[in-house]
Amino acid sequence: MENPNRQNRRQATEEQLNNPLHGVKLAQLLERLVDHYGWEYLAERVNIRCFKHDPTMKSSLGFLRKTRWAREHVEDVYLDMLEEQQQ
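Peer 1: Tell me about the pattern of salt bridges, and name the residues and values.
Peer 2: Enumeration according to the criterion identifies two salt bridges in this entry. We note a salt bridge from arginine 45 to aspartate 80, for which the minimum N-O separation is 2.8 Å. With arginine 45 in helix α3 (residues 39–45) and aspartate 80 in helix α6 (residues 68–86), the pair connects residues that are 35 residues apart, well separated along the chain. Judged by relative accessible area, which is 35%, arginine 45 ranks as partly exposed. On the accessibility criterion, aspartate 80 (35% relative accessible area) is partly exposed. Note that glutamate 72 and arginine 68 form a salt bridge whose closest N and O atoms lie 2.9 Å from each other. Of the two residues, glutamate 72 and arginine 68 both sit in helix α6, four residues apart, roughly one turn of that helix.

About the cut-offs
- Residues numbered from 1 in each chain as written.
- Predicted model: local features only at pLDDT ≥ 70, side-chain atom pairs only at ≥ 80, totals over all residues.
- Heavy atoms only, no water.
- Salt bridge = Lys/Arg side-chain N within 4 Å of Asp/Glu carboxyl O.
- Helix = DSSP H or I, 4+ residues; strand = E, 2+ residues; numbered from the N terminus.
- Buried < 20%, exposed > 50% of the residue type's maximum accessible area, 1.4 Å probe, protein only.

All we've got here are geometric facts, nothing functional implied.
So, in structure tokens, the structure goes:
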């Protein structure tokens, strides 16, 4: 018997399933980038203060969550990294 309090979940669309960012949290994305490239490389690719001066996950995540253009740049770097790893 199903629990009536349980919300029905929508199925992911084909487009979402094919999107490499689907299901990846911002914190996971940033951790993978820092592990792979390091803060210096990220500071060169995305010109934001929280990557250049005493970078921390907390300060970077706070800024990226509030600043759409910066988050989009970081996502682009992540997609480039995934593409590079597939080659």
